[in-house]
Amino acid sequence: RNWKRSSKHQSMRLSDVHRKAQLWRGIVSISLIEGRGLQPMDANGFSDPYAKFRMGHQKYKSKTIPKTLNPQWREQFDFHLYEEQGGFVDITVWDKDAGKKDDFMGRCTVDLSLLSKEHTHKLDLQLEEGEGVLVLLVTLTASAAVSISDLSINMLDDPHERHQIMQRYSLWRSFHNLKDVGVVQVKVIRAEGLMAADVTGKSDPFCVVELSNDRLQTHTVYKNLNPEWNKVFTFNIKDIHSVLEVTVYDEDRDRSADFLEIDVIFNAVKAGLRTLTPIEQKYIEEEPKVSKQLLLRNFNRVRRCIMFLINTGCYINSCFEWDSPQRSICALVVFIIVVWNFEIYMIPLALLLPLAWNYILFASGKDTRQDVQAVEDLLEDEDEDFDKDDKDSEKKGFMNKLYAIQDVCISVQNALDEVASYGERIKNTFNWTVPFLSWLAIVALGVATVIIYFIPLRFIVLIWGVNKFTKKLRDPYTIDNNELLDYLSRVPSDVQVVQYRELKLDPNPSPNKRKKNNPG
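Residues numbered from 1 in each chain as written. Predicted model: local features only at pLDDT ≥ 70, side-chain atom pairs only at ≥ 80, totals over all residues. Heavy atoms only, no water.

A.B. asks: Teacher, can you tell me more about a nonpolar patch on the surface here?
C.D. replies: A cluster of nonpolar residues, Val443, Val447, Val450, Ile451, Tyr453, Phe454, Ile455, Phe459, Leu462 and Val466, forms a patch on the protein surface that exposes about 960 Å² of accessible area. In terms of residue count, helix α9 (residues 435–454) provides more of the nonpolar patch than any other element does, six residues in total. When you line up the elements, Tyr453 lands in helix α9. (Patch = residues over 30% accessible without salt bridge, like charges linked within 9 Å, V, L, I, M, F, W, Y side chains within 5 Å. Areas by Shrake-Rupley, 256 points an atom, 1.4 Å probe, with all protein chains shown as cover. Salt bridge = Lys/Arg side-chain N within 4 Å of Asp/Glu carboxyl O. Helix = DSSP H or I, 4+ residues; strand = E, 2+ residues; numbered from the N terminus.)

A.B. asks: What should I look at first to understand the pairing of strand β13 (residues 228–237) in this one?
C.D. replies: Residues in a regular strand project their side chains so that they alternate between the two faces of the sheet. In terms of burial, β13 is a largely internal element, eight of the ten residues being buried. By the bridge criterion, eight bridges tie strand β10 (residues 182–190) to β13 in an arrangement that is antiparallel. For Val186, the partnering residue across the bridge sits in β13 and is Phe233. (Buried < 20%, exposed > 50% of the residue type's maximum accessible area, 1.4 Å probe, protein only. Pairing = 2+ DSSP bridges.)

A.B. asks: Sorry if this is basic, but what is going on with the pattern of salt bridges here?
C.D. replies: Think of it this way: side chains of opposite charge can pair up when their charged atoms draw near. The full count for this structure, using the stated rule, is eight salt bridges. Residue Lys122 is joined to Asp124 by a salt bridge in which the shortest nitrogen-to-oxygen separation is 3.3 Å. Residue classification places Asp124 among the partly exposed positions, given a relative accessible area of 44%. Here Asp180 makes a salt bridge to Arg168, at a shortest N to O gap of 2.6 Å. Of this pair, Asp180 sits in the loop between α2 (159–168) and β10 while Arg168 sits in helix α2, and the two are twelve residues apart along the sequence. Overall, the relative accessible area of 10% leaves Asp180 in the buried class. A relative accessible area of 32% places Arg168 in the partly exposed class.

A.B. asks: Whenever I open this one, the packing of helix α6 (residues 346–363) against α9 confuses me. Can you help?
C.D. replies: When two helices pack together, you describe them by how their axes are tilted relative to each other and by the distance separating the axes. Interhelical geometry of α6 versus α9 gives an angle of 150° and a closest axis separation of 9 Å. Comparing their axes, α9 and α6 come out roughly antiparallel. Every pair of crossing elements has a handedness; the one defined by α6 and α9 is left-handed. Contacts between α6 and α9 pair Pro348, Leu349, Leu351, Leu352, Leu355, Tyr359 and Phe362 from the former with Pro435, Ser438, Trp439, Ala441, Ile442, Leu445, Gly446, Ala448, Thr449 and Ile452 from the latter. Among the residues forming the contact of α6 with α9, the class breakdown is 14 nonpolar, three polar and no charged. (Axes fitted to C-alpha atoms, helices over the stretch in contact; angles between N-to-C directions. Parallel < 35°, antiparallel > 145°, perpendicular 65-115°, else oblique. Left-handed = near helix turned anticlockwise from the far one by under 90°. Contact = heavy atoms within 4.5 Å. Nonpolar A, V, L, I, M, F, W, Y, C, P; charged D, E, K, R; others polar.)

A.B. asks: Mind showing me how you'd approach the UniProt feature "transmembrane region" (unreviewed entry) in the chain here?
C.D. replies: Taking the numbering used here, the UniProt-annotated feature "transmembrane region" (unreviewed entry) corresponds to residues 329–357 and 436–464. Counting secondary structure, residues 329–357 comes out at 83% helix and 0% strand; the distance between its end C-alpha atoms is 22 Å. A distance of 27 Å separates the end C-alpha atoms of residues 436–464, which is 93% helix and 0% strand. (UniProt positions renumbered as here; feature names shortened; annotations may be inferred.)

A.B. asks: Please clarify how the sheet that holds strand β2 (residues 49–55) should be interpreted in this entry.
C.D. replies: Strand pairing in a sheet relies on backbone hydrogen bonds. The paired strands run either parallel or antiparallel. Overall, antiparallel pairing links the four strands, which are arranged β3-β2-β5-β6 in an open sheet. At either margin of the open sheet sits one strand with a lone partner, and together these are β3 (58–61) and β6 (103–111). Between one strand axis and the next, the sheet turns through 15° on average, direction left out of account. With six bridges joining them, β2 and strand β5 (residues 88–95) adopt antiparallel strand pairing. Its bridge partner lying in β5, Lys52 is registered against Thr92.

A.B. asks: Where do I start with the pairing of β3 in this structure?
C.D. replies: Burial along β3 is one-sided: the residues Gln58 and Tyr60 are buried and none of Lys59 and Lys61 is. Note that β2 and β3 share four bridges and pair antiparallel. Residue pairing in the sheet places Lys52 in a bridge with Lys61 of β3. Linking two consecutive strands that pair antiparallel, namely β2 and β3, is a turn of two residues; a positive phi of about 65° is found at Gly56 within it.

A.B. asks: Help me out: how do you make sense of the packing of helix α3 (residues 268–275) against α9 in this one?
C.D. replies: Contact geometry of α3 with α9 gives a least axis separation of 11 Å together with a crossing angle of 80°. It follows that α3 is roughly perpendicular to α9 by the angle criterion. Of α9, the residues touching α3 (which contributes Ala268, Ala271, Gly272 and Thr275) are Phe436, Leu437 and Leu440. Its residues assigned to classes, the contact of α3 with α9 comprises five nonpolar, two polar and no charged.

Structure, rendered in structure tokens:
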């Protein structure tokens, strides 16, 4: 999808980071709380404001709050600080308009050099070239290790250094600095059989490794299809469920690297607690667009989830219909026993049963996950049609008049994706797609079983209600989140299982086959 432009743009962006030694020296944590008294831009006397943040090559765009002059965003995100003396965060506020260009509402700037580190600053920023005030909470913290070195310099190969890191992430230090979950070391050794991107039959490849918003790159090996880099990348892990993406770039081509070694050390308790907090926002993502193939794919995913529920209902109904006398008798006996002896702690206990059963199948070597071939075929068909869709869109100039319809289509498309993803993530929790998350579910359900067994339900509900009602009183700027949804956001959907599955060596590689869906 526009490989030439996107690869060239990312190469220039990463080269800029490379000139700054590729090391970020701190984290700028920004909470966008609210806006006050913004300028009305629409005929109804209101605006649909959203904010854009920019710090160097890093960008963030807030959600749009419709029909208000006093928006409540309450969003939190992080920027990486590459300059020791600080930097500037440029903020602009816009009014969202469907079908035409968004209206500019004002701008402001945050000078980070004026803010002390390890302290949260509440800022009321007056908008220039507009009206109103933005309220922010800004915190500057020191960075952990993010580095690049030669293969001969490897801290994890040193027994003393490795022992210190293992001690740093031991269970005894589980509640020390909860944001420091672990460390991952990636050895980028070499690649073989890269496709020729130049007219000379050669390429100028360099390798980029990305972990969430951390990006490091190797040097460029010129005019070579079998480059050797022999570099070691070290990242701190803030979220054990982050995806490590490895990509090989040329000026206008890309292909995944073939030879890597990865060493991960992390604290399971910190990783589990981090799973229950909001997932980190990625700064640079593809702009969503209308695609009939993507719409069809999401529709088929929702249909599979709905068909699973329908089939489950039919199976339960068959017990009432006595289609199979033996099954109906067993169901009747189980129903009577459960209802007669029911206690509330049996609910999480019942959810443990499919996890335990699927783990037995998983441990015995049987794959309990749904066959992903259908999803893979859909992704391949979508890639084949993207170029055709792009050409068609260029011919249709009147699409500029249909932006409003396009926004609706994108919303429906994304809603279908959201519904299908959560259905698949619930299924993948119970079938051990990610064993760590399934073990975490077992621990959580086990703890819930014990708590509900020993503590009366009314006390649990009372504690929950008091905490919910007093949360805003205790912290007016708290950012609401749902721990269950945060947990499910770490479980991969069927599409992500295909996109991020382990690549296998192809004995007969085809130079024409593009591995777009599996970048690393």
